[in-house]
Amino acid sequence: MLGVSHATSGAALGLAVAGFVPTLIGMTPSAGSVLTFAGVAAGAALLPDLDHPSSTATRRFSWASWLASKAIRPLSALVFDLTRGRRDTGKGTHRGLTHTAVGALFLGLAINLASAQWGTPVMLGTLFVCLALAIKGLDGLIPGPPSLVIAAGLTWAVQEYVPGGTDGTAGWLGAAVALGMVVHSLGDAITESGAPLLWPLPIRGRLWYPVGSPRAMRFRAGGKVEMLLIAPLLTIATLVLAVYAIPGALDLALSLRDQAVRLLPQAG
Ligand SMILES: [Zn+2]
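None of the values given here were measured: they were computed from a predicted structure.

Enquirer: Explain the overall build of the protein chain to me, please; I cannot follow it from the model alone.
Expert: Summing up its helical and strand segments, the protein chain has ten helices and zero strands in all. For the protein chain, the N- to C-terminal ordering of α and β elements is α-α-α-α-α-α-α-α-α-α. On C-alpha atoms alone, the protein chain measures out to a radius of gyration of 20 Å, which is about the 18 Å that the 2.2 N^0.38 rule sets for 268 residues. Projected onto its principal axes, the C-alpha coordinates of the protein chain cover approximately 75 × 45 × 40 Å.

Below, the structure written as structure tokens:
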């Protein structure tokens, strides 16, 4: 899958979960917490490919993300070697630990604990890193190096100007990280050679069984189906969900429309 499809699938699901799940249990989310959660899910949906030497995630933060990749690949290979089933093949460096649900839960839990313990700096840092990844994933749409400045500006704007800021996500922001990572692997499952999402459950002699849709239902990454159907649909879903899931966004959109309508006759 292309970066843009990974990022928008993370964003759409993040908006739906953060916008609608709290209301199901009788809570009202703030606009800031929905935006923070969705932004983090969008970027986390690129994170698993940190186990690939030339992916967007590995190249994003120059030597820092390169070093992270250098650490993750051997770790992933080690866990693969220790837990490989008799039919598992390959080295486990790419589409290994970072492409498992357990790996996603583990990192999510760590971010949950860190955000509960240290609060705002953790939420702002996570949001900045993830927004930078998401924007890099949209490179086809927003090209150029200023994207790190844009990510920093957006993070600051959410904290400063959106009601609630990032504050409401303390203790559960890691759920957005886990969600984004799992969505990435589901994306790989329908386009690539599958992802070992269910590790360490043994399936047909393999603990790293590559979960994927049937061959006939897979589409080629970056092919016509993705470019003309999947990516546009995910982008539209993200925009529609943004209007309905973020508290106050619908009112804002309606008042902008009214203002535009009022200005039109004068312009004519
Ligand atoms: Zn992947």
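Enquirer: Is there a simple way to think about unusual backbone geometry in this case?
Expert: Negative phi characterises most residues that are not glycine, and trans characterises most peptide bonds. Each neighbour pair has its own omega, and for Trp 199 with Pro 200 the value is 0°, a cis peptide bond. By secondary structure assignment, the location of Pro 200 is in the loop between α8 (174–191) and α9 (224–245). Positive phi values are uncommon outside glycine, yet Arg 204 reaches one of about 50°.

Enquirer: Even after reading the chapter, I still don't get the environment of Arg 87, so can you show me in this structure?
Expert: Considering the arrangement of structural elements, one finds Arg 87 in the loop between α4 (62–83) and α5 (101–118). Judged by local crowding, Arg 87 falls into the partly exposed class, with 13 C-beta atoms found within 10 Å. In sequence terms Arg 87 and Trp 156 are 69 residues apart; their C-alpha atoms lie 49 Å from each other. Leaving out residues up to four positions away in the same chain, Arg 87 has contacts with Arg 204, Gly 205 and Arg 206.

Enquirer: Is there a simple way to think about α4 in this case?
Expert: Three or four residues apart is the spacing at which side chains of an α-helix point the same way, because the helix has 3.6 residues per turn. End to end, α4 covers 32 Å across 22 residues, agreeing with the expected 32 Å (1.5 Å per residue, within 8%). All of the buried residues in α4 are Ser 65, Ser 69, Ile 72, Arg 73, Ser 76 and Phe 80. The buried residues of α4 all sit within an arc of 110° when viewed along its axis, so they share a single face. Exposed residues pointing more than 90 degrees away from the buried face of α4 are listed as Trp 63, Ala 64, Leu 67, Ala 71, Pro 74, Asp 81 and Leu 82.

Enquirer: Any chance you could explain α8 here in plain terms?
Expert: Its 18 residues give α8 an end-to-end C-alpha distance of 26 Å, which sits within 8% of 26 Å, the value for a rise of 1.5 Å per residue. Summarising burial for α8: 17 of the 18 residues are buried, a large majority.

Enquirer: Sorry, what's going on with the packing of helix α6 (residues 120–137) against helix α7 (residues 147–161) here?
Expert: Angle between the axes and distance between the axes are the two parameters that describe a pair of packed helices. Between α6 and α7, the shortest axis-to-axis distance is 9 Å and the interhelical angle comes to 135°. Classified by the angle between their axes, α6 and α7 sit oblique to one another. As α6 packs across α7, the resulting crossing turns out to be right-handed. Residues Leu 124, Leu 127, Phe 128, Leu 131, Ala 132, Ile 135 and Lys 136 of α6 lie in contact with α7, whose contacting residues are Ser 147, Leu 148, Ile 150, Ala 151, Ala 152, Leu 154, Thr 155, Val 158 and Gln 159. Partitioning the contact of α6 with α7 into residue classes produces twelve nonpolar, three polar and one charged.

Enquirer: Help me understand the nonpolar core, please; the structure alone is not making it clear to me.
Expert: As a rule of thumb, nonpolar side chains are buried together in soluble globular proteins. Ranked by size, the top nonpolar core spans 58 residues in total, and within it Val 34, Ala 38, Val 40, Ala 41, Ala 44, Cys 130 and Ala 176 carry the most contacts. If you list the elements that add at least two residues to this core, you get α1 (3–24), α2 (31–44), α5, α6, α7, α8 and α9. For this core, the element with the most residues is α6, which contributes eleven residues. Each residue touching Ala 38, except ones within four places of it in the same chain, is listed here: Ala 11, Gly 14, Leu 15 and Ala 18.

Enquirer: How should the environment of Leu 15 be read in this particular structure?
Expert: Its place among the elements puts Leu 15 in helix α1. A residue is classified by how many C-beta atoms lie within 10 Å of it, and Leu 15, with 28 of them, is buried. Sequence separation between Leu 15 and Val 182 is 167 residues, and the spatial gap between their C-alpha atoms is 15 Å.

Enquirer: Would you mind showing me how to read the packing of α1 against α2 here?
Expert: Here α1 crosses α2 at 150°, and the two axes come no closer than 7 Å. For the element pair α1 / α2, the angle class is roughly antiparallel. The hand of the α1/α2 crossing is right-handed. Together, Ala 7, Gly 10, Ala 11, Leu 13, Gly 14, Leu 15, Ala 18 and Gly 19 of α1 and Ser 33, Val 34, Phe 37, Ala 38, Val 40, Ala 41, Ala 42 and Ala 44 of α2 make up the contact between the two elements. Across the contact of α1 with α2, the residue classes break down as twelve nonpolar, four polar and no charged.

Rules and cut-offs
Residues numbered from 1 in each chain as written. Predicted model: local features only at pLDDT ≥ 70, side-chain atom pairs only at ≥ 80, totals over all residues. Helix = DSSP H or I, 4+ residues; strand = E, 2+ residues; numbered from the N terminus. Rg over C-alpha atoms; globule rule 2.2 N^0.38 Å. Buried ≥ 20, exposed ≤ 12 C-beta atoms within 10 Å, placed from the backbone. Contact = placed C-beta atoms within 7 Å. Expected span 1.5 Å × (residues − 1). Arc of directions from axis to C-beta. Axes fitted to C-alpha atoms, helices over the stretch in contact; angles between N-to-C directions. Parallel < 35°, antiparallel > 145°, perpendicular 65-115°, else oblique. Left-handed = near helix turned anticlockwise from the far one by under 90°. Nonpolar A, V, L, I, M, F, W, Y, C, P; charged D, E, K, R; others polar. Core = buried A, V, L, I, M, F, W, Y, C linked by C-beta atoms within 7 Å.

Don't take any of this as a statement about function, it's just geometry.
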